[in-house]
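Examining the three-dimensional arrangement
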Amino acid sequence: MTRPLRLAILGATGSVGQSTLDVVERHPGRFEVIVLTAHRRAEELAALCRRCDPKLAVVGTDAAAQELRAAIAGAGLRTEVAVGPAALEEAVVRDDVDAVMAAIVGAAGLASCLAAAQAGKRLLLANKEALVVGGALFMQAVRRGGATLLPIDSEHSAIFQCLPLDRAQWPAWIDHIVLTASGGPFRTRDPATLHGVTPEEAVAHPNWVMGRKISVDSATMMNKGLEVIEARWLFELPPERIRVIVHPQSVIHSMVACADGSVLAQLGTPDMRVPIAYGLSFPERIESGATRLNFEQMAGLHFEPMDYSRYPALRLAYDALAAREGSTVLLNAANEEAVAAFLDRRLGYTDIHRVVAGTVEALQPALGPIGRLDELLALDEQARSHARQTMKALP
Ligand code: NDP
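All values reported here derive from a predicted model rather than from experimental measurement.

Let's talk about the site of the ligand
- The local shell around the ligand holds 23 residues, among which T13, H39, R40, R41 and E129 are the closest.
- A distance of 3.3 Å separates an oxygen atom of the ligand from a polar backbone atom of G11.
- Contacts to the ligand include H39, whose backbone N or O atom sits 2.8 Å from an oxygen atom.
- Contact with the protein chains hides 87% of the accessible area of the ligand, taken as 900 Å² for the molecule alone.
- Secondary structure elements with two or more residues in the shell around the ligand: α1 (15-25) and α6 (128-145).
- Here the residues of the shell around the ligand are counted per class, giving eleven nonpolar, seven polar and five charged.

Set out below in structure tokens:
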């Protein structure tokens, strides 16, 4: 009998983390959970530890570690508790970890993703911000470490599933790729009323159930912008060969337009367990638990051209990708700060764009070459600080 695939699930308490555990638990004996991580939500992580009995649980703060230790004491678990970013990096390079599900939200996931890549792990990448910030450095670590990089974002998984297993054939196959976008909750709302949007309205995505940050990004279309940047690195394509179309039903998850005129698409119900299951079992396929598509009941598949005036964040992302190296770091950091402030009711919805555009514009001219992680992180911090100042100065 083959050994179970031994997993580290980073961001286990989040939306992708929980969907991953759902798939894992459908296949007793096929996977073993070695590491689970969270940031602050110790109670939720304790419940997951009781379910999976990992060898190690990592949290972000001392207070969370204390709470977690108390919550699992006496449960007879093998789980040790560790704290902080260094513990996160140590957790992913362990010899008894074969595969890492990278489902931390934001650039906070970059260092652990890089460590997993350098250690040659099978890396299931949901944490798109890590690739948006890490860019060339990240892909170099994947190549040098001999890691297997498997996209988990549904659009990138769709494209990956349409392409041959042998990556060497990709350049000859691909003419361009088409990322689909649902349009989010405000696709038909009068733009003049967007300034009054509340966090509750912005996170109410019509098709997908996701974490709060990515839900806001889906409403502004910054999520699609981050995905364009992610696709640039995953599939080694220039921006003009990465197109975006609005497809409100989210049935087609993305498409590859081939050199011969064929268009290949991957379809399914909008359920993250499908790309997660493919990442876990690649190149095999396993039950994901997702509801199957019913073509008889489908009302139709619709497409609309992207309206860049309604969604200026997408244009900003394309521009950052085409501009100097480091621009996408500025874009991502300012966006993370602005979205957090919006969710906290400290910033208006339409001000998210003002803060991000203003930060990129102000800091872009001074960008120099970036070759190391500490340089990326310094730039990330500079952009966050600029974004925070901009927000303070807003009326
Ligand atoms: P959630 O907000 O639901 O979960 C985020 C997870 O990351 C939680 O476990 C959280 O811990 C942890 N976390 C937050 N901040 C830190 C930090 N500073 N250091 C370490 N861990 C941290 O996010 P999602 O699951 O929605 O998204 C995760 C990633 O996957 C994102 O990059 C997103 O873009 C991507 N993605 C998500 C999809 C989805 O359907 N949700 C679809 C495609 C991509 P705690 O609970 O303690 O706060």
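What follows picks up the thread again.
So, the sheet that holds strand β8 (residues 174-181)
- Judged by pairing direction, the sheet is mixed, and its four strands sit side by side in the order β9-β8-β10-β11 without closing on themselves. A strand with exactly one partner marks an edge of an open sheet, and here the two such strands are β9 (242-246) and β11 (263-267). Taken pair by pair, the neighbouring strands of this sheet meet at an average axis angle of 20 degrees, ignoring direction.
- In terms of strand pairing, strand β10 (residues 252-258) meets β11 through five bridges, oriented antiparallel. Opposite A257, over in β11, you have V263 as the bridge partner.

Some thoughts on a nonpolar patch on the surface
- A grouping of L267, F295, L301 and F303 is seen on the molecular surface, where their side chains present a nonpolar patch of about 360 Å² in accessible area.
- Judged by its relative accessible area of 40%, F303 falls in the partly exposed class.

Some thoughts on the pairing of strand β6 (residues 122-125)
- Side chains R122 and L124 project from β6 onto one buried face, and the interleaved L123 and L125 project onto a second face that is buried too.
- In this structure, strand β5 (residues 99-102) lies alongside β6, joined through four bridges in parallel fashion. Residue M101 lies in a different strand from β6, and its bridge partner there is L124.
- Taking the sense of rotation as the criterion, the β-α-β connection linking β5, helix α5 (residues 110-118) and β6 turns out right-handed.
- Bridge count for β6 against strand β7 (residues 148-151) is four bridges, and the pairing is parallel. In the sheet register, L124 faces β7, and the bridge partner there is L150.
- Assessed by its sense of winding, the connection that carries the chain from β6 through α6 to β7 is right-handed.

Details of helix α12 (residues 273-281)
- For α12, the tally of buried residues reaches eight of nine residues, placing the bulk of the element in the interior.
- Every buried residue of α12 is listed here: R273, P275, I276, A277, Y278, G279, L280 and S281.

Quick word on the packing of aromatic side chains
- Within the structure shown, the criterion is met by seven aromatic pairs.
- Both rings, one in F160 and one in F282, keep their centres 5.5 Å apart while their planes meet at 45 degrees; by these two values the pair is tilted. Highlighted residues: F160 in helix α7 (residues 154-162) and F282 in the loop between α12 and α13 (312-322), separated in sequence by 122 residues.
- Under the relative-accessibility criterion, F282 is labelled buried at 16%.
- Centroid distance F342 to Y349: 5.6 Å. Interplanar angle 65 degrees. Geometry classified as edge-to-face. Just as F342 is buried, Y349 falls in that class too.
- Within the aromatic cluster, the residues linked to one another by ring pairs are F160, W170, F235, Y278 and F282.
- Cation over ring: R232 sits above W233, and NZ or CZ is 3.9 Å from the ring centre.
- For the cation-ring pair, R315 lies above Y308, with the distance from its terminal atom to the ring centre recorded as 4.1 Å.

What counts, and at which threshold
- Residues numbered from 1 in each chain as written.
- Predicted model: local features only at pLDDT ≥ 70, side-chain atom pairs only at ≥ 80, totals over all residues.
- Heavy atoms only, no water.
- Near = heavy atom within 4 Å.
- Polar contact = N/O pair within 3.5 Å; in protein donor to acceptor, adjacent residues only side chain to side chain.
- Areas by Shrake-Rupley, 256 points an atom, 1.4 Å probe, with all protein chains shown as cover.
- Helix = DSSP H or I, 4+ residues; strand = E, 2+ residues; numbered from the N terminus.
- Nonpolar A, V, L, I, M, F, W, Y, C, P; charged D, E, K, R; others polar.
- Pairing = 2+ DSSP bridges.
- Axes fitted to C-alpha atoms, helices over the stretch in contact; angles between N-to-C directions.
- Patch = residues over 30% accessible without salt bridge, like charges linked within 9 Å, V, L, I, M, F, W, Y side chains within 5 Å.
- Salt bridge = Lys/Arg side-chain N within 4 Å of Asp/Glu carboxyl O.
- Buried < 20%, exposed > 50% of the residue type's maximum accessible area, 1.4 Å probe, protein only.
- Right-handed = clockwise from strand over helix to strand, strands pointing away.
- Phe/Tyr/Trp six-rings, centres within 6.5 Å; stacked < 30°, edge-to-face > 60°.
- Lys NZ or Arg CZ within 6 Å of the ring centre and 35° of its normal.

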